Amino acid sequence: MANTNNTPQNDLVVDHKTPKETRYYPSELKNDLKDSGLAPRVIEETLACAWEYTRCIIPEFTNWGRYLAFVRATVICIVVEFDETLVDMSVEDRLVLGYDVDAVLDTLFGGTRANGPSNDAMSRELRCFYLMTGDKASSRRDISQLFSRYVSALASSPRAWFRLRDTDALFTEPQLELLVEVGETLYDAVAFHKHRAEGEVCNTFADAGGSGPDKEVRSRAFARCREVLWAMDAKMARSPAHRHALNFLRSFGGPVHIMMRRYRFVEDGMIVGRSETEDVVSKARQHDKLWNRVDAKKGDTARDGSGTDVDNKEPDLHYERVMEQGNRLLFSGFVDVLEKATHDRCETCVYRSSYGAEFMEEFGGVKLCLKCRQQWKTYLEGLGDRAVAAFPEITSQ
Ligand SMILES: [Zn+2]
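Residues numbered from 1 in each chain as written. Predicted model: local features only at pLDDT ≥ 70, side-chain atom pairs only at ≥ 80, totals over all residues.

**Overview of the overall build of the protein**
Working step 1: Helices and strands together make up the secondary structure of the protein, namely 18 helices and four strands.
Working step 2: Every one of the 397 residues in the protein was classed for burial, and the buried ones make up 40%.
Working step 3: For the protein, restricting intrachain contacts to residue pairs at least 6 apart in sequence, the fraction spanning at least 24 positions comes to 72%. (Helix = DSSP H or I, 4+ residues; strand = E, 2+ residues; numbered from the N terminus. Buried ≥ 20, exposed ≤ 12 C-beta atoms within 10 Å, placed from the backbone. Contact = placed C-beta atoms within 7 Å.)

Given below as structure tokens:
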């Protein structure tokens with residue numbers, strides 16, 4: 001049932017007037033986004049947000065230029081989440097928000113192991129993230145084959161889900177999958193109501209369940225990940241490489257929501273962790289705090305898995321253009337994932353021709369049937385075994 005209570009549901013005094021509205025970031029960034037078309041207030045908010053993210057999840061650095069490049073890459077992430085018209089990755093040789101994206105990514109990944117002469121894997125990952133996030137924010141998503149296939153692929157299996165959301169090169173593939181799973185499960189558990197307010201298609205608990213009768217799925221998954229994280233930390237904190245990854249996960253998994261201006265956690269009555277209200281959803285539509293609400297297209301009819309909603313669409317030039325540039329825009333193997341996204345789908349799960357939330361308290365993606373949802377729950381419960389398999393050292397004395 002929709003929550004129509006517009007007042008925060010706790011006894012904290014909610015003070016929307018912060019003592020100071022000054023945004024802080026290094027002077028090197030002061031001219032960034034000047035020609036982006038964004039309003040000055042939004043520019044300030046975006047730059048401060050990117051800086052705060054960076055300082056929270058990567059508190060130490062050895063290369064200031066690379067560090068600033070990370071901030072700028074994050075600026076693009078933040079903008080594309082709420083205004084994709086400014087970031088179209090499918091158009092080649094274009095400045096994005098005034099940034100030379102190739103130069104930013106070269107500075108960020110240049111000289112790292114992920115950036116071999118013929119394989120700029122990390123740049124592809126990031127471009128892919130911009131591309132898919134832009135499609136999610138776009139009004140084009142109603143007709144976008146790319147987005148429909150992406151949403152279908154997200155729901156295909158828990159393992160594919162975690163793979164589709166991140167990557168790196170420091171660890172082995174099973175270790176990486178485990179770290180990504182821990183980080184995203186922690187983050188999504190905290191951001192559950194924020195993401196639901198946004199009609200988000202990307203939240204682990206949109207598929208595994210996290211409210212109502214499934215409420216405990218979320219709290220148990222968070223506790224499991226927290227335990228694995230601390231187990232790894234006790235064993236690996238002395239190794240600088242591992243320590244950086246663990247620091248990243250620890251902040252990403254919770255503290256960012258409390259510390260960053262983006263979430264206004266305490267001022268807004270701890271709303272990130274509490275059930276969203278009509279007021280929060282309305283503000284997300286207006287990009288308050290740079291959030292973004294993905295509403296379903298009105299009148300869109302839900303379809304089951306037997307429908308050929310994507311395949312029946314008219315030729316989609318955007319999709320074709322992206323596929324043609326797969327080597328630049330999509331991470332290795334993603335073309336195949338998208339092409340097969342509509343194959344072998346469950347006939348009971350609800351797939352749609354366009355995605356987004358129709359009502360309060362629902363996510364925007366595929367609605368899994370009870371049987372498929374149970375597969376996700378079972379997968380999450382197996383985290384401990386996967387952790388020991390990927391990092392056997394966490395069990396040794
Ligand atoms: Zn199903």
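Back to the text.
**Considerations on helix 11 (residues 240-252)**
Working note: α-helix, 3.6 residues per turn, so residues spaced by three or four point in the same direction.
Working step 1: End to end, helix 11 covers 18 Å across 13 residues, agreeing with the expected 18 Å (1.5 Å per residue, within 8%).
Working step 2: Along helix 11, the residues that are buried comprise Leu246, Leu249, Arg250 and Ser251.
Working step 3: On its buried side, helix 11 packs onto helix 1 (40-57), helix 7 (173-190), helix 10 (215-236) and helix 12 (255-259). (Expected span 1.5 Å × (residues − 1).)

**Quick notes on the confidence of the model for the protein**
Working step 1: Scored by pLDDT, the protein has a mean of 84; 85% of the residues are at 70 or more.
Working step 2: The secondary structure element of the protein with the lowest average pLDDT is strand 1 (residues 115-116), at 47, and the one with the highest is helix 18 (residues 383-390), at 96.
Working step 3: This stretch, residues 115-119, has a pLDDT under 50; its non-local contacts, to residues over four places away or in other chains, come to four contacts.
Working step 4: Note that residues 304-308 has pLDDT below 50 and, in this model, eleven contacts with residues that lie over four places away or in other chains. (pLDDT = per-residue confidence, 0-100.)

**Some details on the nonpolar core**
Working step 1: Among the nonpolar cores identified, the biggest contains 97 residues, and Ile76, Val87, Tyr150, Val151, Leu154 and Val182 are the most heavily contacted of them.
Working step 2: Sort the elements by how many residues they give to this core and helix 2 (residues 64-82) lands first, with ten residues.
Working step 3: Every residue in contact with valine 182, bar those within four places of it in the chain, is listed here: Cys225, Val228, Leu229 and Leu249. (Core = buried A, V, L, I, M, F, W, Y, C linked by C-beta atoms within 7 Å.)

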